[in-house]
Amino acid sequence: MPNIRRGLLIALTVTLTLCLLDWSVVLADPEHNNLTDTTTPEATSAGTEPLTLGELRRKYSETFKFRGPEVKQVALTFDDVPDPRFTPRVLDELKKQGVKATFFIVGSRAKKHPELVRRIQREGHVIGNHSFSHPLFKNRSVAQFQSEIQRTERIIQSIVGYKPKLIRPPYGEINEEQVKWAKKNGYKIVNWNVDSLDWKGINKEQVKENVLSAVVPGSIVLQHAGGGVGSTLNGSIEAIPEIIQTLRKRGYHFVSLTELLQTKKYK
Ligand SMILES: [Zn+2]
């Protein structure tokens, strides 16, 4: 057991580090500097440990979701969009299979490619908020969280006409004050229970294995339709039709997050 736990810890650390490295390349863009250099640690009450993500999900179960009810439904979600290299190909695959999914939009990318956000909307998918500059929110203030969310929702509203109710924090990381703010302001925080690990550039078979071995009724699957400089999502995109066909054979229906969680897509 200790070996397994240590292995998991190393894998998690490597994952987070690579993920951050990946985005640090993207965020070298000077447009982002004022947002990335102003980190101020969140004040926590003396002597109390911050709640873990699992504890936050339990304490704020109506606001903070990572899966749906145990019915034979599954929701595909795609982060870090829009990206002209990958988003159109993901949309093509979903259209061929007749599946509606959920896309989490990065505000700085939406500003550059509004036509892709419009296409996501036009093809019947649900849009969620994935921050403006993809920061690690855990150690940031509520004010910074609020600013990233509201800046992105103004951009999304100007393109598709609504402010998304669904927020996915980058890396799935968030702290209690931020969850409280989201609750007070009528948002839902939505993570996932099935991680494809597609951002690593793994092949189609590996993506299929990661998803198909983990899906249970009510699952929320994490994939990406956008990436950092030099990254590839070919394996993830090629896996889409086979993931959908295999799960349909197992009796699953594909739904958007708003249908799975029985909530609205707008605030
Ligand atoms: Zn992301």
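Residues numbered from 1 in each chain as written. Predicted model: local features only at pLDDT ≥ 70, side-chain atom pairs only at ≥ 80, totals over all residues.

Per an unreviewed UniProt entry, the protein chain goes by the name NodB homology domain-containing protein and belongs to Paenibacillus segetis.

Caption draft 1: Layout of the overall build of the protein chain. Check the secondary structure of the protein chain and you find eleven helices and nine strands. Expressed as a percentage of its 267 residues, the buried residues of the protein chain come to 40%. For the protein chain, the proportion of contacts with a sequence separation of at least 24, taken over those separated by at least 6, is 80%. (Helix = DSSP H or I, 4+ residues; strand = E, 2+ residues; numbered from the N terminus. Buried ≥ 20, exposed ≤ 12 C-beta atoms within 10 Å, placed from the backbone. Contact = placed C-beta atoms within 7 Å.)

Caption draft 2: Local environment of helix α8 (residues 176–184). Turning to α8, its buried residues are Gln178, Val179 and Ala182. Looking straight down α8, one finds that the buried residues subtend no more than 100° of arc, so they occupy a single side. The elements touched by buried residues of α8 are α3 (53–59), β1 (64–65), α7 (142–160), β5 (166–167) and β6 (188–190). A positive backbone phi angle near 80° is found at Gly186, which sits one or two residues after α8. (Arc of directions from axis to C-beta.)

Caption draft 3: Representation of helix α10 (residues 234–249). Look at α10: 24 Å from first C-alpha to last across 16 residues, which is about the 22 Å you get at 1.5 Å a residue. At Ile240, α10 shows its maximal bend, which comes to roughly 40°, and the proline Pro241 appears one to four places after that position. All buried positions along α10 are accounted for by Ser236, Ile237, Ala239, Ile240, Ile243, Ile244 and Leu247. Buried residues along α10 sit against β2 (73–81), α4 (87–97), α9 (204–212), β8 (219–224) and β9 (253–254). Backbone geometry just downstream of α10 places Gly251 in the positive-phi region, at approximately 95°. (Expected span 1.5 Å × (residues − 1). Bend = angle between axes of the 7 residues up to and from the residue.)

Caption draft 4: Inspection of the nonpolar core at higher detail. Ala75, Val90, Phe103, Ile105, Ile189, Val221 and Leu257 are the most contacted members of the largest nonpolar core, which has 58 residues in total. Tallying contributions element by element places α10 first for this core, with six residues. Apart from the residues within four sequence positions on either side, Phe103 is in contact with Phe78, Val81, Ile120, His125, Ile127 and Ala225. (Core = buried A, V, L, I, M, F, W, Y, C linked by C-beta atoms within 7 Å.)

Caption draft 5: Local environment of unusual backbone geometry. The omega torsion of the bond from Val81 to Pro82 falls at 0°, within 30 degrees of zero and hence cis. Within the secondary structure layout, Pro82 lies in the loop between β2 and α4. With a phi close to 65°, Tyr171 is a non-glycine residue in the positive phi region. A positive phi is found at Gln262, a non-glycine position, where the angle reads about 50°. Along the chain, the position of Gln262 falls in the segment after α11 (257–260).

Caption draft 6: Fine view of the pairing of β2. Counting buried residues along β2, eight of its nine residues qualify, which places the element largely inside the surrounding structure. Bridge analysis of β2 against β9 gives two bridges, and the strand direction is parallel. Paired with Gln73 across the bridge in β9 is His253. Sheet topology note: the β2/β8 ladder contains six bridges and is parallel. Within the sheet, the bridge partner assigned to Leu76 lies in β8 and is Val221. The parallel pair β2 and strand β3 (residues 102–105) is bridged by α4, and the resulting crossover is right-handed. (Pairing = 2+ DSSP bridges. Right-handed = clockwise from strand over helix to strand, strands pointing away.)

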